[in-house]
Amino acid sequence: MACPTIDIPELSTEDLVSDQTFNQLLFATQAPGDSETIYVVERPGIIQRIENGDVLNEPFIDLRDRIEDSFQEEGLLGLAFHPNYQENGRFFVYYTSDEDPTRTVIAEYHRSEDNPDVANNEEVRRLVD
């Protein structure tokens, strides 16, 4: 029995920003409840914010001081926002630490109470270490 065929819609890409390059971009995402801001995860350890087609001058968070990215499958590898991020400011990152021995970490962070455009650089807690 043959499988039914379906028409696949035509796909296309669109630049997030013009005249901007990222350092080993892994993915882009949005926080729940905020359709205006795009968060871009760069493997060496920076999360950038894009608003209205422009990359903001200050990164959302810079974790390069704790990231190991010497090998292909290391670095800042993931970002997930708490479903109630708009209310509680909680988000989680997945990265390879530069600790000895190197380990995989999933840690919780919070955005700054003083400036919601950036995150506190202090880890709140580790969920996986």
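This text goes with the structure placed above it.
Residues numbered from 1 in each chain as written. Predicted model: local features only at pLDDT ≥ 70, side-chain atom pairs only at ≥ 80, totals over all residues. Heavy atoms only, no water.

Along the chain, the position of Q48 falls in strand β3 (residues 46-51). The buried category is assigned to Q48, whose relative accessible area is 12%. (Helix = DSSP H or I, 4+ residues; strand = E, 2+ residues; numbered from the N terminus. Buried < 20%, exposed > 50% of the residue type's maximum accessible area, 1.4 Å probe, protein only.)

Now for unusual backbone geometry. Looking along the chain, the bond that leaves D100 and enters P101 is cis, with omega of 0 degrees. Tracing the chain through its elements places P101 in the loop between β7 (90-96) and β8 (104-110). The backbone phi angle of Q24 is positive, close to 60 degrees, even though this residue is not glycine. As for its position among the elements, Q24 is in the segment before β1 (25-29). Q24 gets classed as partly exposed once you look at its relative accessible area, which sits at 38%.

One open sheet accounts for 4 strands, arranged β6-β7-β8-β9; its pairing is antiparallel. The open sheet has two edge strands with one neighbour each: β6 (76-81) and β9 (125-128). This sheet shows a mean twist of 25 degrees between the axes of neighbouring strands, independent of strand direction. Where β7 lies against β8, 7 bridges are found, and the strand directions are antiparallel. (Pairing = 2+ DSSP bridges. Axes fitted to C-alpha atoms, helices over the stretch in contact; angles between N-to-C directions.)

Moving on to the nonpolar core. Ranked by size, the top nonpolar core spans 19 residues in total, and within it I47, F91 and V93 carry the most contacts. Elements supplying a minimum of two residues to this core: β2 (37-42), β6, β7 and β8. (Core = buried A, V, L, I, M, F, W, Y, C linked by side-chain atoms within 4.5 Å.)

Next up on the list: the pattern of salt bridges. When the charged atoms of two side chains with opposite charge come close together, those side chains can pair. By the definition in use, this model includes 11 salt bridges. Among the ionic pairs, D65 bridges to R66, the shortest N-O distance being 3.0 Å. The class of D65 is exposed, set by a relative accessible area of 54%. Of the charged contacts in the structure, one is a salt bridge between E123 and R126, with a shortest N-O distance of 3.1 Å. Its relative accessible area of 28% is what places E123 among the partly exposed residues. Through salt bridges with shared partners, a single ionic network connects E99, R103, E123, R126 and D129. (Salt bridge = Lys/Arg side-chain N within 4 Å of Asp/Glu carboxyl O.)

Scanning all chains against the criterion turns up 6 aromatic pairs. An angle of 25 degrees between the planes, with centres 6.0 Å apart, marks the rings of F91 and Y109 as stacked. With F91 in strand β7 and Y109 in strand β8, the pair connects residues that are 18 residues apart, well separated along the chain. Given the relative accessible area of 0%, F91 is considered buried. The rings of Y39, F60, F81, Y85, F91 and Y109 are connected pair by pair, giving a single aromatic cluster. (Phe/Tyr/Trp six-rings, centres within 6.5 Å; stacked < 30°, edge-to-face > 60°.)

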